[in-house]
Amino acid sequence: MRLTILGSGTCIPDATRLPSGYWLEVGEAQIRMDVGPGTVYATTRYPHLDWRAQTHQLLSHFHVDHIGDVATLMFAFKYGRKPTPRGPLTFVGPHGLTQHLERIAAALEPKLFQQEFAVEFLEVADGESHEVAEGVTLRALKVPHTPESLAYRVEEMTTGASLGYTGDTSPDLERLPAFVREVDVLIAECAHEHETSTPHLTIRDVQRLAEEAKPKRLITVHHFFDSTQANVAATLAAELPGVEVQAGHDGLVVEV
Ligand SMILES: [Zn+2]
Ligand SMILES: [Zn+2]
């Protein structure tokens, strides 16, 4: 399994961080997790990625910094597809996914999802598990952010590699640590340096999550603050012995 971070940022414009976008090469699957504005074009920055080969589009929730490039992606396929046969593209997301995507199509282009290959919508519920490709399992967990928000866990059976993605969430020490327990890589949102009233995690919340979940490697993303200035990686590493910690950045490639 290999992770490439296309966008580690938020809805706030930033010269070096695009909104949320993560690419996973795992088995026969090419999975994009979230598709924030700019992250479709960003795929072309990385020669090891082929945007046309995408098999799955995961959506964690319907905030624009996570879904803003849905239409961009479908227009790319409509006009930039090579005339070679390909399998379906499957959108995977929370309850309401189909209605949400149909509304995007109604607003922009009624035939948005009518492509020369099948485009499928798969709504996943809290606790559900799906084999999205041979030997590749995807699990979903409802997280407290918006009513629909999901976290995901991806596992590759042949290698035993595992990756967790919190999506956007506020603290949930009841269920989230068990869901991502002992993953090889945990991508955790770390929106705020200090306590706020917004439904997100602070550095301290991420520390508590990782203390319980014990991932091998922790990558913080979705910072609304300057993660370098705040020294987020060193702060967390000091509190999390045995966990490799780093602040995520666009272009980071990780072999899982
Ligand atoms: Zn959000
Ligand atoms: Zn967000």
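Use the structure listed above.
Residues numbered from 1 in each chain as written. Chains lettered and ligands numbered in written order. Predicted model: local features only at pLDDT ≥ 70, side-chain atom pairs only at ≥ 80, totals over all residues. Heavy atoms only, no water.

Trainee: Would you mind showing me how to read the overall build of the protein here?
Mentor: Counting secondary structure elements, the protein contains seven helices and 14 strands. Rg of the C-alpha trace for the protein: 17 Å, near the compact-globule value of 18 Å for 256 residues, within the 12% margin. If you line up the protein on its principal axes, its C-alpha atoms span 50 × 40 × 35 Å. A buried classification covers 57% of the 256 residues belonging to the protein. Surface accessibility of the protein: about 11100 Å² in total, with carbon and sulfur atoms responsible for 52%. Placing the 21 positive and 35 negative side-chain charges of the protein at their respective mean positions leaves the two points 4 Å apart. (Helix = DSSP H or I, 4+ residues; strand = E, 2+ residues; numbered from the N terminus. Rg over C-alpha atoms; globule rule 2.2 N^0.38 Å. Buried < 20%, exposed > 50% of the residue type's maximum accessible area, 1.4 Å probe, protein only. Areas by Shrake-Rupley, 256 points an atom, 1.4 Å probe, with all protein chains shown as cover. Lys, Arg positive; Asp, Glu negative; His and termini not counted. Charge placed at Lys NZ, Arg CZ, Asp CG, Glu CD.)

Trainee: What's the story with the packing of aromatic side chains in this structure? I'm lost.
Mentor: If you walk through the whole model with that rule in mind, you get seven aromatic pairs. Aromatic side chains Phe75 and Tyr79 sit 6.1 Å apart centroid to centroid with 25° between the ring planes, which places their arrangement in the stacked category. Here Phe75 and its partner Tyr79 are both found in helix 3 (residues 70-80), four residues apart, which amounts to about one turn of the helix. Overall, Phe75 belongs to the partly exposed group, its relative accessible area being 32%. On the numbers, 5.9 Å between centres and 85° between planes, the contact of Phe91 with Phe121 is edge-to-face. (Phe/Tyr/Trp six-rings, centres within 6.5 Å; stacked < 30°, edge-to-face > 60°.)

Trainee: Can you walk me through the pattern of salt bridges in this structure?
Mentor: Between side chains of opposite charge, pairing is possible as soon as their charged atoms come close. As enumerated under the stated definition, the model contains eight salt bridges in all. One salt bridge connects Arg2 with Glu25, and the closest N-O pair in it is separated by 2.8 Å. With Arg2 in strand 1 (residues 2-7) and Glu25 in strand 2 (residues 21-26), this pair connects stretches of sequence that are 23 residues apart. You can call Arg2 partly exposed: its relative accessible area is 23%. We note a salt bridge from Arg2 to Glu255, for which the minimum N-O separation is 3.7 Å. (Salt bridge = Lys/Arg side-chain N within 4 Å of Asp/Glu carboxyl O.)

Trainee: Before we go on, may I ask you to explain the coordination of the zinc ion (ligand 1) in this structure?
Mentor: The reference angle at a metal is 109.5 degrees if four donors form a tetrahedron and 90 or 180 degrees if six donors form an octahedron. Protein-derived ligands of the zinc ion (ligand 1) are His61 (NE2), His63 (ND1), His145 (NE2) and Asp168 (OD), with the metal-ligand distances lying across 2.2 to 2.4 Å. In this structure, the zinc ion (ligand 1) is surrounded by four donor atoms whose angles at the metal cover 93 to 164°, and the resulting shape is irregular. Read from N- to C-terminus, the donor residues coordinating the zinc ion (ligand 1) fall into the pattern H-x1-H-x81-H-x22-D. (Donors = N, O, S within 2.8 Å, 3.2 Å for Na, K, Ca; no water. Tetrahedral: all angles 85-135°; square planar, octahedral: opposite > 155°, others 65-115°.)

Trainee: Even after reading the chapter, I still don't get helix 6 (residues 203-213), so can you show me in this structure?
Mentor: Inspection of helix 6 places Ile203, Asp205, Val206, Gln207, Leu209, Ala210 and Ala213 among the buried residues, and these make up the whole buried set. Those residues of helix 6 hidden inside the fold are in contact with helix 5 (176-179), strand 11 (185-189), strand 12 (217-221) and helix 7 (232-239). Lys214 sits one or two positions beyond helix 6 and adopts a positive phi of about 50°. (Contact = heavy atoms within 4.5 Å.)

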